[in-house]
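Structural characterization, general
Each chain, letter by letter, is given below.
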Amino acid sequence: MVTAAAPTEAHIWQLLEEVSDPEVPVLSILDLGIVRAVAVAGDQITVTITPTYSGCPAMNVIATEIRLRLLAEGYSNVVIHNQLSPAWTTDWMSQAGREKLEAYGIAPPVDGTATGHVLNLFGKDTAVRCPVCKSTHTHLVSQFGSTACKAHYQCDDCLEPFDYFKCHN
Amino acid sequence: MLPQNDSRVAAATPAAAPGPLFPFVLQLADTSLILAHRLSEWCGHGPVLEQDLAMANIALDLLGEARSYYQYAAELEGQGRTEDDLAYLRSAVEYRNPLLVEQPNNDFAHTILRQFLFDNFHYHLLKALLTCPDTQLAAIAEKSVKEASYHLKWSSEWVIRLGDGTPESRQRLEKAIATLWRFGEELTTATPSEKALQELGVLPDYATLLPAMQAHTAYVFAEATLPLPGPVFGQQGGKTGRHTEHLGYLLSELQYMQRTYPGLTW
Ligand SMILES: [Zn+2]
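All values derive from a computational prediction rather than experimental measurement. (Residues numbered from 1 in each chain as written. Chains lettered and ligands numbered in written order. Predicted model: local features only at pLDDT ≥ 70, side-chain atom pairs only at ≥ 80, totals over all residues. Heavy atoms only, no water.)

**Describing the nonpolar core**
The criterion, for reference: Take the buried Ala, Val, Leu, Ile, Met, Phe, Trp, Tyr and Cys residues and link them wherever side-chain atoms come within 4.5 Å; each set so joined is a nonpolar core. Only protein chains enter the accessibility calculation, which uses a 1.4 Å probe. A residue is then buried if its area is under 20% of the maximum for its type, exposed if over 50%, and partly exposed in between. Helix and strand definitions follow DSSP, with helices as H or I runs of at least four residues and strands as E runs of at least two, each counted in order from the N terminus.
Grouped together as the largest cluster of nonpolar side chains are 85 residues, with contacts concentrated most on Tyr70(B), Tyr95(B), Leu113(B), Leu137(B) and Trp154(B). With 14 residues, helix α6 (residues 135-163) of chain B is the largest single contributor of residues to this core. Among the nonpolar cores identified, the runner-up in size contains 32 residues, and Ile34(A), Tyr53(A), Leu70(A) and Leu101(A) belong to it.

**A closer look at the interface of chain B and chain A**
Selection rule: We call two residues contacting when some pair of their heavy atoms lies within 4.5 Å. Put simply, buried area is the surface a 1.4 Å probe can reach on two separate parts but cannot reach once they are joined, added for both. A carboxyl oxygen of Asp or Glu within 4 Å of a side-chain nitrogen of Lys or Arg is what we treat as a salt bridge. A 3.5 Å cut-off defines polar contacts: any pair of N or O atoms within that distance qualifies, except that in protein one atom must be a possible hydrogen donor and the other a possible acceptor, and neighbouring residues in sequence count only when both atoms are side-chain atoms.
Across the boundary between the two partners, chain B contributes 40 residues, which contact 39 residues of chain A. Overall, the association of chain B and chain A removes approximately 3,200 Å² of surface from exposure, summing both partners, and the carbon and sulfur fraction of that is 59%. Counting the surface chain B buries against chain A, the share from its top three residues, Lys143(B), Lys146(B) and Tyr150(B), is 24%. Taken together, chain B and chain A are joined by 0 salt bridges. Across the chain B-chain A interface, the total number found is 9 residue pairs in polar contact (both at pLDDT 80 or more). Elements supplying a minimum of two residues to the side of chain B that touches chain A: α2 (49-77), α6 and α9 (210-223) of chain B.

**Here we look at the sheet that holds strand β1 (residues 35-41) of chain A**
All names here are of chain A. We apply this condition: A pair of strands is labelled paired if DSSP reports no fewer than 2 bridges between them. The angle between two axes is taken between their N-to-C directions and runs from 0 to 180 degrees, where each axis is a line fitted to C-alpha atoms and a helix contributes only its stretch in contact.
Across the sheet, 3 strands lie side by side as β1-β2-β3; this open sheet has mixed pairing. The two strands at the open ends of the sheet, each matched to only one other strand, are β1 and β3 (78-82). Across the sheet, the mean angle from the axis of one strand to that of its neighbour is 15 degrees, orientation sign disregarded. Where β1 lies against strand β2 (residues 44-49), 6 bridges are found, and the strand directions are antiparallel. Residue pairing in the sheet places Ala37 in a bridge with Thr48 of β2. Across the sheet, helix α1 (residues 9-16) lies against β1 and β2, angled at about 140 degrees from β1, the strand it touches most. Contacts from helix α3 (residues 58-72) reach β2 and β3 within the one sheet, and its direction differs from that of β3 by about 155 degrees.

**Some points on the coordination of the zinc ion**
Residues and elements named next belong to chain A. Short version of the rule: Each metal site lists N, O and S donors within 2.8 Å (3.2 Å for Na, K and Ca). With water left out of the atoms, a site can look as if it is missing ligands. Key to geometry: four donors with every angle between 85 and 135 degrees are tetrahedral; four donors are square planar and six octahedral where opposite donors lie over 155 degrees apart and all remaining angles lie between 65 and 115; all other sites are irregular.
Within the protein, the zinc ion binds to Cys130 (SG), Cys133 (SG), Cys155 (SG) and Cys158 (SG); these donor distances fall in the range 2.3 to 2.4 Å. Seen from the zinc ion, its 4 donor atoms lie at angles of 105 to 113 degrees, and the figure they make is tetrahedral. Taken in chain order, the donor set of the zinc ion reads C-x2-C-x21-C-x2-C.

What follows is the structure, encoded as structure tokens:
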């Protein structure tokens, strides 16, 4: 094992940039905005993370991967703190993250379009750009997609079905 | 199904004496867990793929919410029981979920109506809990209310589609209303623990939730071209441990692994 120098917060943030979301591996957990704080006290490192969705099964994997990445640098005294409030929002997703998502084939969240409002029954679908042909001529297939954070769309021009990372705020 | 979390949700100060908060948090946990289990029974059997996925997604949200409550309940109790002990090692009479959520899936119309009755209450309760003086309950509500709003939208739209759909879908929904409507009242009927919390100002008086719930129901039923059901004799008891026979069968499946191989982990 590498002998650890005293950790600095800046170094820990750098290491966390290398931990990816197990469900969308092109995104780092920093792109996703789920790391809320890093605190270093002596040799103890506390990383505060927040779930995207309550039942997100990736959270345990992410916590393990954070530990493994830090352990690889010799940091073994790691506390992972789960924080529920303030609740995660797609506003915390970085611009770089949004671009990586689209290049990966998942339409990034369109800000300010949280469509969960209960009075908006059969409301107009959010205009989402097809990540393949870039047409905005698309339609919602289902509000619930392959994972809790995504909705299922289809492009009306190139007919490609695709995932949309739904706006959540 | 509930792997050990390696970090607990931030601790609120546990009450010195076991107050009414513990049974109430447990009731919320049981309610979300049992409904999540029912919805997960649809997995692979949904009428179409998209709706199969929708039910699995909603089940997962509710399961996540249940974990937050169980972790908090374990902390409040302070007897060393874990979230898994509370979910897997309590018998039916110890469960505190309302009767509605343990009712069998039956057909898709029954599942939708059960979900609609629950979501309409759940969403409005969580909205009220956002300002709860208990900071941990408020934090869980803040996380869950966003998800609950998607659920209510989904079940409301399906009540409308089925009611205003084909003669077959309408007739099935009417049958579901005849079977399930009687279980709605228990949701907003306070138990002694809930009453105590309402007096302490931790919980809203459920009467204050009713106008918004009734307005939403009236709107959805009008869109579904369905008459609003008249008053029925409400079936109660789940929140105080008197369950229908369905819960025992459900728990025997839900708890099978822990009962058969105590302490099993993976
Ligand atoms: Zn396209």
